[in-house]
Amino acid sequence: MGKIKGLINGQGKHIAIVVAKFNELVTRRLLDGAMDTLQQCGVAETDITVVWVPGAFEIPRITRLISQKPEFDGIITLGAIVRGETTHFDYVCSETASGVAQVSLNSPIPVLFGVLTTNNMAQALNRAGGKVGNKGSECAIGVLEMIDVQKKIG
């Protein structure tokens, strides 16, 4: 039985990052983590395209459009949805996750989901470079690994 394991090598890779402006205190930190990690893994800064959208709900549409562009090897989605006092949180979380999943399943390139869904701002900040690491950085590693796995599978 053979094994397929993705290597993390960003040289020559073109990555798009779709990031929500809403809760920018958090999303900016996620973006910084993703950018730093991509560059540490060999992706040239000029090969990273950052697309800002108003909020998490808008991420799937722009991700779908980008996924159809042949110049990109992978996409990272970043956002922060923090629970409020209404059910709006539930709808935005569900539709954002579903939309990104649909794009990922139908896209010719890997799409990583780095949209935080937390109960409060402290939890979000902890996942954006705080006590729990940085989800943006994790997605950067993940997208490079998935690009290589997909290449090996053919």
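On a predicted model such as this, the values are computed, not experimentally measured, just so you know. (Residues numbered from 1 in each chain as written. Predicted model: local features only at pLDDT ≥ 70, side-chain atom pairs only at ≥ 80, totals over all residues. Heavy atoms only, no water.)

Undergrad: Mind showing me how you'd approach the environment of alanine 16 here?
TA: Tracing the sequence through the fold places alanine 16 in strand E1 (residues 15–20). Note on alanine 16: relative accessible area 0%, which makes it buried. Sequence-wise, alanine 16 and threonine 49 are 33 residues apart; in three dimensions their C-alpha atoms are separated by 4.7 Å. Sequence-distant contacts of alanine 16, that is, excluding residues within four places in its chain, are made with Thr49, Ile66, Phe72, Gly74, Ile75 and Ile76. (Helix = DSSP H or I, 4+ residues; strand = E, 2+ residues; numbered from the N terminus. Buried < 20%, exposed > 50% of the residue type's maximum accessible area, 1.4 Å probe, protein only. Contact = heavy atoms within 4.5 Å.)

Undergrad: I'm lost on the pattern of salt bridges in this one. Help?
TA: Any two side chains of opposite charge can pair, so long as their charged atoms come close to each other. Applying the stated criterion across every chain yields a total of four salt bridges. Of the charged contacts in the structure, one is a salt bridge between lysine 135 and glutamate 138, with a shortest N-O distance of 3.7 Å. With lysine 135 and glutamate 138 both in helix H5 (residues 135–153) and three residues apart, the pair spans about one turn of that helix. Among the residues examined, lysine 135 registers a relative accessible area of 30% and is labelled partly exposed. One salt bridge connects aspartate 148 with lysine 152, and the closest N-O pair in it is separated by 2.9 Å. Of this pair, aspartate 148 and lysine 152 both sit in helix H5, four residues apart, which is roughly one turn of that helix. (Salt bridge = Lys/Arg side-chain N within 4 Å of Asp/Glu carboxyl O.)

Undergrad: For this particular structure, what's the right way to read the pairing of strand E4 (residues 111–118)?
TA: Side chains on a regular strand alternate between the two faces of the sheet. Buried residues dominate E4, accounting for six of its eight residues. Bridge analysis of strand E3 (residues 74–82) against E4 gives eight bridges, and the strand direction is parallel. Bridged to isoleucine 76 within E4 is leucine 112. With helix H3 (residues 88–106) bridging E3 and the parallel E4, this β-α-β connection has right-handed handedness. (Pairing = 2+ DSSP bridges. Right-handed = clockwise from strand over helix to strand, strands pointing away.)

Undergrad: Help me understand the sheet that holds strand E2 (residues 48–53) in this model?
TA: If you walk across this open sheet you meet the four strands as E2-E1-E3-E4, and the pairing is parallel. Looking at strand neighbours, the two that pair on one side only are E2 and E4, the edges of this open sheet. Taken over all neighbouring pairs, the strand axes of this sheet differ in orientation by 15 degrees on average, direction set aside. Bridge analysis of E1 against E3 gives five bridges, and the strand direction is parallel. For valine 18, the partnering residue across the bridge sits in E3 and is threonine 77. Across the face of the sheet, helix H2 (residues 59–67) comes into contact with E1, E2, E3 and E4 while running at roughly 175 degrees to E3. (Axes fitted to C-alpha atoms, helices over the stretch in contact; angles between N-to-C directions.)

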